[in-house]
Structure formats: C-alpha cells, structure tokens
Protein chains: 2
Amino acid sequence: MTTDLSPNLALNQMVDRRRADGESLVHLAFGEARLPLLPELARQLAAGARRTAYGPVAGAESARAAVAGYFGRRRLPTDADQIVLAPGSKALLMALQLAVPGDVLLPRPAWNSYAAQVRYAGKEVIGVPIPDACGGVPEPGALRRAVHAARARGRDPRLLVLTLPDNPTGTLAPPSLVREVCAVAEAEDLLVVSDEIYRDLVHDPAATPFLSPAEVVPDRTVVTSGLSKSLGLGGWRIGVARFPEGDRGRWLRDSVVSVAGEVWSTLAGPMQHVVEHVYAEPPEIRERLAAGTRLHGAVARAVHDVVTRSGARCRPPTGGFYVYPDFEPVRGLLAGNGIGDSAELGRRLLDDSGVVVLPGHLLGDDVRGLRFKAATSLLYGDEDQQREALAADDPVRLPHLAAALTRMEEAFTGLTTRR
Amino acid sequence: MTTDLSPNLALNQMVDRRRADGESLVHLAFGEARLPLLPELARQLAAGARRTAYGPVAGAESARAAVAGYFGRRRLPTDADQIVLAPGSKALLMALQLAVPGDVLLPRPAWNSYAAQVRYAGKEVIGVPIPDACGGVPEPGALRRAVHAARARGRDPRLLVLTLPDNPTGTLAPPSLVREVCAVAEAEDLLVVSDEIYRDLVHDPAATPFLSPAEVVPDRTVVTSGLSKSLGLGGWRIGVARFPEGDRGRWLRDSVVSVAGEVWSTLAGPMQHVVEHVYAEPPEIRERLAAGTRLHGAVARAVHDVVTRSGARCRPPTGGFYVYPDFEPVRGLLAGNGIGDSAELGRRLLDDSGVVVLPGHLLGDDVRGLRFKAATSLLYGDEDQQREALAADDPVRLPHLAAALTRMEEAFTGLTTRR
C-alpha cells in the first residue's frame, strides 16, 4: 500500500507552501480551471441549503432528470434512471473500479488517478501507448495486442478507460479513431469508461467533432463527467455518470450505487440543487462555457507555441487546458545539461526556473521520455485577472499572461542552452 | 461482487416509493436524525460558496483547526495536522479499510456499512458477540479468542471497529469495558477505529460517562465523527477523522489522505466553511445539541418501554436514537404466528402493521435471533412537528408522537397475539 499523495495534489500543496514562503513559482501542475464563481451558482447553492436529508443514493430524481436532459442534447437520449450523481466524477470512477471485476486498460500517458484507483481496487493496470496524433485513447492495434498479451499471461482485462478530450495531452480523438477503439472493445468484450469531463471545453467543435463511445457501443459504455472543469467548480465536488440502457446498464448502475451507498451515501443535497440548475443549461451557463472555452483555447495554443519554439514537439491542443510537450528532438541538448529523463526534467524546471510541471512518468509514461503535462489554466491569475482574461479579445496579450508566457519560454529555452 | 444496495438505504427508498403510492408506514429503519436546519448553518453554507478551489485534500487548515479544538475540549488535545475532513465519516472509514491491510473485527451486531466496506476492500469480516449490557464493542474475552482463532486459520486480523455510543443498540460502553477492549487491542496489536459520530448524543453524560479509546490507547486509535447525526445534516455529507500523534499516526493519516486524493479529492469547500463554524461550538450549536439529545433520549426511552411491554428484552438506550429489542423471551408466541427468525420478523412487521425495521441479520447478527434495529428519530414528524418536539417538555405526549408509539405498540404486541 502506498502512502504517496496523488502526485498532482502533492505538487499543488508543495506550491502553496513555497508560495507562502514568498517564492515566485509558475505553477502548471494542477488541473484546476481557475474561473470566477458565477453569482447565480452561489444563489443556487444557498437555495439548496434546506436539502439536509440523505435522499436517494443516486441523487434526487429532479437532479438526475436535468443531467439526463444534458446528455439528450448531445445525441445521447437518456432516462433519469441512467444517471448517478456523486461528490466528483473521481468517486464514480473509483466505484466502477470496485464494482466491476477485471484488469484495466489505460492510455499511456493518462490522468494519474486512474492507475491509483485500479491499484486500490486490487487490480492491474495495463498501459497502452497513444497514437501520434492525439491522446486519451490507446492506439487500436496496440490495444488489441495488449489485451491478447495480458490474457496470455493469465490476466483478465475487462475495462478500458478513455478520456475525451484528453488530460494530459489536451487533444480530442477524432470520430474515426473512437470508432476503431470501440470496435476493439466490442471484439474483446471490454467495458468502456468514457471520461468526458472536458467535453464542453472543445476549443473549436466545428474543426474537431466529438463522438462519444456511448454513441458507438452504447451497451458497453459508461460516461463520466462533472462541473469541476467546465465551470471551475473543483472545490464543490460535483460529478455525474451516465449508464447504458438495458440489463447490463442497470446491473452496472446498481453495482455503482451499491458502492456509493457504502462509501459516500450521496452527493450533498445543496450540490444536487446546483446540478438541477446547471444541467438545464440556462443562458448564463452556456455563455460562461463559451467564454471559458475561448480562453482555454487561446492560452493553451499560446503555450503550445512556446514549447515548440523551445524545441519540443507537441500535439496541438484542441480541448481542455493542457499541453503535453515532448523534448525528444532536443534530447542531445538537454543531455548536455544533465537532463536525461522526465523526473530530472521536472526537477530542473522547478529548481532553475520555478516552473512546476507534472513529469510524464507520473502519468504512466516512460520515465526515459522527456515529456510533461502543463495545465495552462493556472496562468489566468487572481479572480480579477480571470475576469479580465474571460472578457479579453486576445487574452494572451494581457500583461500578467504575457509575462507568464515569457517566463515559461525562458525556462524552456534555458533547458537547451549550454551553461 | 454484490449489486445489493446498502440495506438501510434500500429500505429507505422502498418506504419513499410506498409512501408516494399512498401507503401509511411507520418507518424505523433509517438512521437519520430528522431535525430542522438551523438558519445560521444555511447562512454559513452560503458564505462558503466562494470556496470553489480544490484546496488541500485533508481540508483547509482553518477548518481542521476548528475540529482539533472540538477534540481538545473533549480531553483529546489535537493538532490540526491530525485531522482529515471528508464527505461523510463513511468515506473516511472506507479509506481506512483501503489504506490499512489486514482483516477486520466488528462487534456483532454492528452498523451494516462496516462489513460492506471491509468486503469491498478485499478483506474478511470477523464478527464478535457484544456483551449483555451494551453494544458497540465486542465482549473482551470473545474478542481475544476471535483474534487467536482467526490467526490459527491463517487470517491476519488488524483492525477493530468500535461504535461509541452504538448504532444499532443505542447504548454506550462504560469506561471499564472500553479499557478492557483497549487492553486486548494493545496485546494483540490491533488498530482501533472508534466511530464516535453519536458522541455528542449521550442522553445523560453524568450517568453514562464517555471514555474514548483515543484516551486509553492513543497511538493506535483513529476517531471518526461528523455532523450527520448530531445536527441532522446527513444530506450535507460532513465527516471528520482524528489520527494519532507521532509516526504511526502520521503514516495512517498520510495513507488515508492518499486514498482521499484518489477517491473524493476533498470535502466540498462550502461544507468546510460550515465545519469551521460548527466545530468552534458557538452557543446556538451547543443549544441545538442539548435540545436534540433531550428529544432523542425521551423518544428512545419511550420506544424502549413499548418494546419491553410487548415482551422483548432490550438494553436501555443511553445515546443516539436507536433501540435493538430481542423478542427471544416470546419466541414461542412468535413461532405460533410463523415467525422464527429476524428476516420473517421484519417482513411480518411490514406486511401486518406497516412498521419498517432493520432486521438483525442485516447488521451481522444471527438470522435465527429475533432482533431488529429501530431508529426512533424517524418518529419526529415533519419540520414543524420536529420544532414542536424539540421545544416540548414531554415530547412523547405530542399527538403525532403518541400516535406513532401507540401504532408501534399494537404492531409489536400483534406479533405475539395468537391469530
């Protein structure tokens, strides 16, 4: 059993401590959306205070109906009974790991908590490389080979976790690739867990259309989502899951609700009141989503430009607020500065430049790679600066954002500059 | 893997459905405190809305300091670093099961979720009978024998869960017994998890003094608590844990925080704001606790009178809002009505009288026993009636409570009346 704190959370706490000690850090290692609270949401929370009773484990029917409507408007007709609420989608992902037997296939790299959850559930992680073009899904051929290899050595791979759009690469698998991966899931009888918490943060939906595995293999896909990323409500802990229709879907939902009943009982009542409001998608919610996505896209693209100018290759970000650069093209130059793996890469960025990133090996990637995740949303600044950035036509020209980008560029180019 | 909903939650949902269909039920199978929301708590929740960031996994320092102060006023000097917050103490209990290896000793009967959590964590439940005088702790001699017997067959018992005061028996183990049980824990190197969520609901603290295992074996006791029971805030999902000082305590806390980081991240920020207020124990909180405890005691004692008049034996309740009658003295009469075990006992109370109880076998007790748990707080009625009951000198004489007690007495005496 490990006593390590989830590495992203540990880094975040380290940054808080060092900043409290007066250090100036550029923190890019924590996936928090950093957007100001919408005043209407504070009113909704207050109005939900009277919900002090436990209520149904899956959540109140009215709140589940609102979430069902949300999915219905996204080509996924959904009944309220297919929805389960929880204090964060993380809790639902853990419940799925506890409820469904079998080993778990993960894209490599993937969000760090998937693997930790699999291990707490006493199962094995089987990492599968991602394609060159995007992350969040394994390369289909490698996926099939990984399933067969695992079975050949006596393991029982049963779950496949996808992230659409992806954390850490900030990219969205195109529909053709989603279909290929779903075909493997069908052929190999895998349950697909599609983490779509960044779904509403696709930067340009016309250019990068979204296809959910729940549209392709509806009977074997559970979708998870929540409000932490889209509305910057990480601290409110609101997650949702959508289960398949039919017998298998009901069994999955009942299994997850059983775990929920023994672990967290239900999503807090006042938060269920917020769910009812937000998932009905009134105009102010849609406007905030649009403004947030515009900002995320602009800053992620600017950081992408910074890392590529520094010599890294990097998939262009198309959703969410991450980039995942790979400094392999300048390995020789980094080696000249004593940097040969992702652990050292992260350490040196912190020590030399006060830039905090999440090294790739903490996301399941090969430690010999020269890759890291940078959460670009952490650059938005304090609450006033966030408002300014949301409203700006060209947010990356705002002084605080421009300064942070300059400091990052100095840090990254410093990696390859002979000292 | 089971798909059964936690039995108390399942019964609660069944009752909601049948009541919605117009049926009149006396629901005694759900441990909800049923007290009106204090207006100040609604204000605190609203004031906490701005806490939208994830923040530290264990909870904000200010909130943990308030909880540390609460324990300090209860003979347990505590540093804020010893405290972890969570969405319910249930989540903390589950994290302990996942974080600490080894099989788990439970009093028999015990709250149903303990055993379910142990099984989800892939470990074994070892039930140990409770003494005649009270529940919540195993009989010390039986505990020692159970540990040795488990080791002899290759198991590795490491955790002992105690409930002080107890759910389901509504009794509090006296200090002498707590010391005896702690001596076994010390001798057998067991970690004690002391669930003290009913601690502030001891009916007469002068007559039944409270001793925490954390006072007796401080280095090996984790205390869990929360606001669901004491303030009727089950739907707000607020739990706390207090870890030992020193290296072992830090290891335990770090292990639980690691699980927390991978499962629920943190207690929702607005709820942490509530924690800060409540655990400082301002006058209105202390007054509500006193009024609630007076009501719980009066109604639990009245139900105790009802069940003993019906022929059951029953430990007199001294804390919380439960009674756990045993109809063994009238087994012959019940057998004459076709009732020979706790499953049938529960079924017949529902079918014949519309009285819903939680049969003992769902709490780990022997199904051949004629025992059940009744949560007496469910009798308080609607919100206006709850206010009336809190203010009343003699709440059991209020018409709605008197009527419920009469109906219960008819139901219980009906069990033994030849038909």
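Residues numbered from 1 in each chain as written. Chains lettered and ligands numbered in written order. Predicted model: local features only at pLDDT ≥ 70, side-chain atom pairs only at ≥ 80, totals over all residues. Heavy atoms only, no water.

So, the pairing of strand E6 (residues 191-195) of chain B
The two faces of the sheet receive side chains in turn, since in a regular strand these alternate between them. All names here are of chain B. Most of E6 sits out of view: five of its five residues are buried. Burial along E6 is two-sided: the residues Leu 191, Val 193 and Asp 195 and Val 192 and Ser 194 are all buried. The pairing of strand E5 (residues 157-163) with E6 spans five bridges and is classified as parallel. Across the sheet, the residue bridging to Leu 162 is Ser 194, located in E6. The parallel pair E5 and E6, bridged by helix H7 (residues 175-187), forms a crossover whose chirality is right-handed. Bridge count for E6 against strand E7 (residues 221-226) is four bridges, and the pairing is parallel. The residue of E7 that forms the bridge with Val 192 is Thr 221. (Buried < 20%, exposed > 50% of the residue type's maximum accessible area, 1.4 Å probe, protein only. Helix = DSSP H or I, 4+ residues; strand = E, 2+ residues; numbered from the N terminus. Pairing = 2+ DSSP bridges. Right-handed = clockwise from strand over helix to strand, strands pointing away.)

Thoughts on the interface of chain B and chain A
Bring the parts together and some accessible area is lost; that lost area is often taken as the interface size. With 58 residues of chain B at the interface, the matching set in chain A holds 58 residues. With both sides pooled, the region where chain B packs onto chain A buries about 4,800 Å², and carbon together with sulfur makes up 63% of that total. Along the contact surface separating chain B from chain A lie zero salt bridges. Between chain B and chain A we count 28 residue pairs in polar contact (both at pLDDT 80 or more) in total. (Contact = heavy atoms within 4.5 Å. Buried area = accessible area lost by both parts, 1.4 Å probe. Salt bridge = Lys/Arg side-chain N within 4 Å of Asp/Glu carboxyl O. Polar contact = N/O pair within 3.5 Å; in protein donor to acceptor, adjacent residues only side chain to side chain.)

Some remarks on helix H6 (residues 140-152) of chain B
Note on helix geometry: an α-helix contains 3.6 residues per turn, so any two residues three or four positions apart are oriented the same way. Residues and elements named next belong to chain B. Across its 13 residues, H6 extends 18 Å between first and last C-alpha, which sits within 8% of the 18 Å expected from 1.5 Å per residue. Residues Pro 140, Ala 142, Leu 143, Ala 146, Val 147 and Ala 150 constitute the buried set of H6. Down the axis of H6, the sector holding all buried residues measures 155°, keeping them to one side. Residues of H6 that are exposed and angled more than 90 degrees away from the buried face: Arg 145 and Ala 152. Phi turns positive one or two residues past the end of H6, at Gly 154, with a value near 90°. (Expected span 1.5 Å × (residues − 1). Arc of directions from axis to C-beta.)

Side note on the side chain of A:Gln272
Residues and elements named next belong to chain A. Note that Gln 272 resides in helix H10 (residues 269-279). Relative accessible area serves as the criterion here: at 4%, Gln 272 is assigned to the buried category. With near-sequence residues (within four places) excluded, Gln 272 lies in contact with Arg 51, Gly 59, Ala 60, Ala 63, Leu 85, Thr 266 and Leu 267.

Some points on the relation of the copies chain B and chain A
Under the fitted operation, chain B is carried onto chain A by 0.0 Å of movement along the axis and a turn of 180°, and the coordinates agree to an RMSD of 0.0 Å. Given the turn and translation reported, the copies of this chain are related as if by a two-fold rotation axis. Distance from the rotation axis, computed per C-alpha, reaches its smallest value in chain B at B:Ala46: 2.4 Å. (Least-squares fit on C-alpha atoms with pLDDT ≥ 70 in both.)

What to know about the UniProt feature "domain: Aminotransferase class I/classII large" (unreviewed entry) in chain A
Under the UniProt annotation, the feature "domain: Aminotransferase class I/classII large" (unreviewed entry) is placed at residues 28-363 of chain A. Structurally, residues 28-363 of chain A comprises 43% helix and 13% strand, and the distance from its first C-alpha atom to its last is 15 Å. (UniProt positions renumbered as here; feature names shortened; annotations may be inferred.)

Some thoughts on the packing of helix H4 (residues 89-99) of chain B against helix H5 (residues 112-120) of chain B
Residues and elements named next belong to chain B. Following both chains from N to C, one finds H4 and H5 inclined at 40°, their axes separated by 9 Å at the closest point. Here H5 runs oblique to H4, going by the angle between their axes. Taken as a pair, H4 and H5 cross one another with a handedness that is right-handed. The segment H4 lies against H5, with Lys 90, Leu 93, Met 94 and Gln 97 engaging Ser 113, Tyr 114, Gln 117, Val 118 and Tyr 120. Looking at the contact of H4 with H5 residue by residue, the class counts come to five nonpolar, three polar and one charged. (Axes fitted to C-alpha atoms, helices over the stretch in contact; angles between N-to-C directions. Parallel < 35°, antiparallel > 145°, perpendicular 65-115°, else oblique. Left-handed = near helix turned anticlockwise from the far one by under 90°. Nonpolar A, V, L, I, M, F, W, Y, C, P; charged D, E, K, R; others polar.)

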